[in-house]
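# Examination of the molecular architecture
The primary structure of each chain is shown beneath.
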Amino acid sequence: VSDEPSDDEWSRQLRKGVLDLAILSRLQEGPVHGYALIASLKQGGLMAAEGAEATVYQALQRLARLGLAMADWSHPDEGGRPRKMYAITPRGRAERQRMLAEWKALGRAVARYLEEPA
Amino acid sequence: MTTTPAIPPELEARIHERIARLGPGRRRAAARAELHDHVVQAVQAMAAGGRPGPEHVEAAFAALGSDREVREAFFPRPPRARLQWPEVALLAGAAALAGLAIALDGGGEASCEVTGTGRCTATASGVAWDVLAFAAPPLVALACLAWLPAWTALLPSGAFAAVTLLRAMSGSGGAAELALDLGLLGAGAATLAAVLLALRRPRRSPDA
């Protein structure tokens, strides 16, 4: 089985469900702009190469609306283009912790269930 | 180390043109800048080591998704109020009440012509104008709630409530005048109440 994420409906839904957690986890490492975030998600196998990249920006907007992430424009020196950077908020860190705990608990439950179905 | 290829002016123009088509309007400049930044980086990455071409621009936009997905991500419409039947009924009732009160009164001061005896007689066009003017704000508020950002409904409904309140306070007496003022006051209050009710509901995202 390849590590490359497949592009069937079930795989897409599965990755969509974990997208917010993945984004918050990346933001926790430090501020990042949209393009680098998408590259990181693809590299980490959390996004199919053909996946619609706009969905990541949609998720960023949603996280910002919920107060879990914030956006700011960076103004680089030497005439570089200003770039919109996303960062995690304190509320986002707490929410990420909660999501991570839930994800781990779900993983354990699924593994248990698949090994010993009722 | 890979050098970042510069984007030729004709490609820049192509990118700008596509972005402007997706999200026109002055207020979307920041979102357009973010989209532009993304596309430029994608084009540069795709053309690494070579000269960026139109095919890279097309591929960068294609990777983002459909036009609809791009619009929803970068240029989302503001959330609208969740309109339900109590607000619709209140606003429709307010418009009907205002129209009825004005029509029964035979028009306001601005809608009459002075006859030879010095009396003010309502004209059909004057009455129609008054009915329209007073019944319109609740209907405009309803349209705002349905199609525009919810806060815009406060403008017609607030103005209508204020005008009707002032009119009632400066009432010049007489049973007919009092009935008219009370009718309009009720319509103004109902309009404002309907909008406040709608604003308190959870918002509905346009892409939901």
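One numbering rule holds for all chains: residues counted from 1, following each sequence as written. Each chain gets a letter, beginning with A, and each ligand a number, beginning with 1, in the order they are written. Local features are withheld for residues below a pLDDT of 70 in this predicted model, meaning they are given only at 70 or higher, and side-chain atom pairs are given and counted only at 80 or more; totals for whole chains, interfaces and linings count all residues. Values shown for side chains rest on all heavy atoms present in the structure; no hydrogens or waters enter the calculation.

## A word on the pattern of salt bridges
Once the charged atoms of two side chains with opposite charge are near each other, the side chains can pair. Whenever a carboxyl oxygen of Asp or Glu lies within 4 Å of a side-chain nitrogen of Lys or Arg, that contact is scored as a salt bridge. Scanning the entire structure with this criterion turns up 13 salt bridges over all chains. Across the pair E53(A) and K42(A) runs a salt bridge, and its minimum N-O distance is 2.7 Å. Pair noted here: E53(A) is in the loop between helix 2 (34–43) and helix 3 (54–65) and K42(A) is in helix 2, with a separation of 11 residues, a long-range link. Burial here depends on accessible area, computed with a 1.4 Å probe over protein chains only, as a share of the maximum for the residue type. Under 20% is buried, over 50% is exposed, and the range in between is partly exposed. With relative accessibility at 7%, the residue E53(A) sits in the buried group. Of the residues examined, K42(A) reaches a relative accessible area of 25% and is grouped as partly exposed. Each of the salt bridges in this network shares a partner with another, and the network as a whole consists of R14(B), R18(B), E58(B) and D67(B). Labels follow the DSSP assignment, with helices taken as runs of H or I lasting at least four residues and strands as runs of E lasting at least two, numbered in each case from the N terminus.

## A short note on the pairing of strand 3 (residues 83–88) of chain A
Residue and element names in this part refer to chain A. Note: two strands are recorded as paired if DSSP finds a minimum of 2 bridges between them. For strand 1 (residues 32–33) and strand 3, the ladder comprises 2 bridges, and the chain directions are antiparallel. Looking across to strand 3, one finds that H33 is bridged to M85. With 6 bridges joining them, strand 2 (residues 69–74) and strand 3 adopt antiparallel strand pairing. Within the sheet, the bridge partner assigned to D72 lies in strand 3 and is M85.

## Some points on the interface of chain A and chain B
Accessible area lost upon the coming together of the parts serves often as the stated size of an interface. Residue contacts follow a heavy-atom distance rule, with two residues in contact if any of their heavy atoms lie within 4.5 Å. In this assembly, 15 residues from chain A lie in contact with 20 residues from chain B. Defined in terms of a 1.4 Å probe, buried area is the accessible area two parts forfeit on being brought together, summed over both. Summed over both partners, the interface of chain A with chain B buries about 1,600 Å², with 51% contributed by carbon and sulfur atoms. Together, Y35(A), Y57(A) and R81(A) form the three largest contributors to the area buried by chain A at its contact with chain B, with a combined 35%. Inspection of the chain A/chain B interface yields 2 salt bridges. One salt bridge connects E34(B) with K84(A), and the closest N-O pair in it is separated by 3.5 Å. As used in this structure description, the phrase polar contact means that two N or O atoms lie within 3.5 Å; if the pair is within protein, one of them must be able to donate a hydrogen and the other to accept it, and residues adjacent in sequence are counted only when both atoms belong to side chains. Linking chain A with chain B are 10 residue pairs in polar contact (both at pLDDT 80 or more), by the criterion used here. Going through the elements one at a time, helix 2, helix 3 and strand 3 of chain A are the ones with two or more residues in the side of chain A that touches chain B. Counting residues per element, the side of chain A that touches chain B draws most heavily on helix 3 of chain A, at 4 residues. Charged residues are taken to be Asp, Glu, Lys and Arg, nonpolar residues to be Ala, Val, Leu, Ile, Met, Phe, Trp, Tyr, Cys and Pro, and polar residues to be all remaining types, Gly included. Classifying every residue of the side of chain A that touches chain B by side-chain character gives 7 nonpolar, 4 polar and 4 charged.

## Description of the environment of M99(A)
Inspection of the secondary structure assignment puts M99(A) in helix 4 (residues 90–115). For M99(A), the residues in contact, after removing those within four places along its chain, are D20(A), L21(A) and L24(A).

## Things to note about the packing of aromatic side chains
All names here are of chain B. Each Phe, Tyr or Trp ring, with Trp reduced to its six-membered ring, pairs with another whose centre is within 6.5 Å; inter-plane angles below 30 degrees give stacked pairs, above 60 give edge-to-face pairs, and intermediate values give tilted ones. Counted by the stated rule, this structure contains 3 aromatic pairs over all chains. When the ring of F74 is compared with that of F75, the centres are 6.5 Å apart and the planes differ by 50°; the resulting orientation is tilted. Judged on exposure class, the residue F74 and its partner F75 are both buried. Over the face of the ring belonging to F61 we find R18, whose NZ or CZ atom lies 4.3 Å from the ring centre. A ring has a charge above it when a Lys NZ or an Arg CZ is no more than 6 Å from the ring centre and no more than 35 degrees off the ring normal.

## Structural notes on helix 4 of chain A
Residue and element names in this part refer to chain A. Multiplying one less than the number of residues by 1.5 Å gives the expected span of a helix. With 26 residues, helix 4 should cover 38 Å at 1.5 Å per step; its first-to-last C-alpha distance of 38 Å lies within 8% of that length. Taken as a whole, helix 4 has its buried residues at G92, R96 and M99. Considering only its buried residues, helix 4 is in contact with helix 1 (9–28) and strand 3.

## Points about the sheet that holds strand 3 of chain A
Across the sheet, 3 strands lie side by side as 1-3-2 (chain A); this open sheet has antiparallel pairing. Both edges of this open sheet fall to strand 1 and strand 2 of chain A, since each of them pairs with a single strand only. Contacts from helix 2 (residues 29–46) of chain B reach strand 1, strand 2 and strand 3 of chain A within the one sheet, and its direction differs from that of strand 3 of chain A by about 95°. With axes taken as lines fitted to C-alpha atoms, and helix axes fitted only over the stretch in contact, angles between N-to-C directions fall between 0 and 180 degrees.

## Considering the confidence of the model for chain B
The predictor attaches a confidence to each residue, and that confidence, scored 0 to 100, is pLDDT. Residues with a pLDDT of 70 or more make up 81% of chain B, whose mean pLDDT is 79. Element-level mean pLDDT values for chain B span from 61 in strand 1 (residues 112–114) of chain B up to 93 in helix 3 (residues 54–64) of chain B.

## Description of empty space enclosed by the protein
The method works on a 1 Å grid over the protein atoms by themselves. A cavity is a set of points holding a 1.4 Å probe that cannot get out, a pocket is an open set with protein on both sides within 12 Å along at least five of seven lines, and residues with an atom within 4 Å of a point line them. Grid points are joined across faces, edges and corners, and a volume is the space filled by probe spheres set on the points. Considering all chains together, one arrives at 1 cavity of 30 Å³ or more under this definition. Put simply, the largest cavity is a space of about 30 Å³. Together, H33(A), G34(A), Y35(A), Y57(A), R83(A), K84(A), E34(B), D37(B) and H38(B) line the largest cavity. Secondary structure elements with two or more residues in the lining of the largest cavity: helix 2 and strand 3 of chain A together with helix 2 of chain B. Counting residues per element, the lining of the largest cavity draws most heavily on helix 2 of chain B, at 3 residues.

## Re the packing of helix 1 (residues 9–22) of chain B against helix 2 of chain B
All names here are of chain B. Here helix 1 crosses helix 2 at 135°, and the two axes come no closer than 10 Å. With respect to helix 2, the element helix 1 is oriented oblique. Once helix 1 is placed against helix 2, the crossing between them reads as right-handed. Only R32, L35, H36, V39 and V40 of helix 2 make contact with helix 1, whose side of the interface consists of E12, I15, H16, I19, A20 and L22. Counted by class, the contact of helix 1 with helix 2 contains 7 nonpolar, 2 polar and 2 charged residues. Any angle between 65 and 115 degrees counts as roughly perpendicular, while under 35 counts as roughly parallel, over 145 as roughly antiparallel, and the rest as oblique. Crossing chirality is assigned from the near helix's rotation relative to the far helix, an anticlockwise turn below a right angle marking it left-handed and a clockwise turn marking it right-handed.

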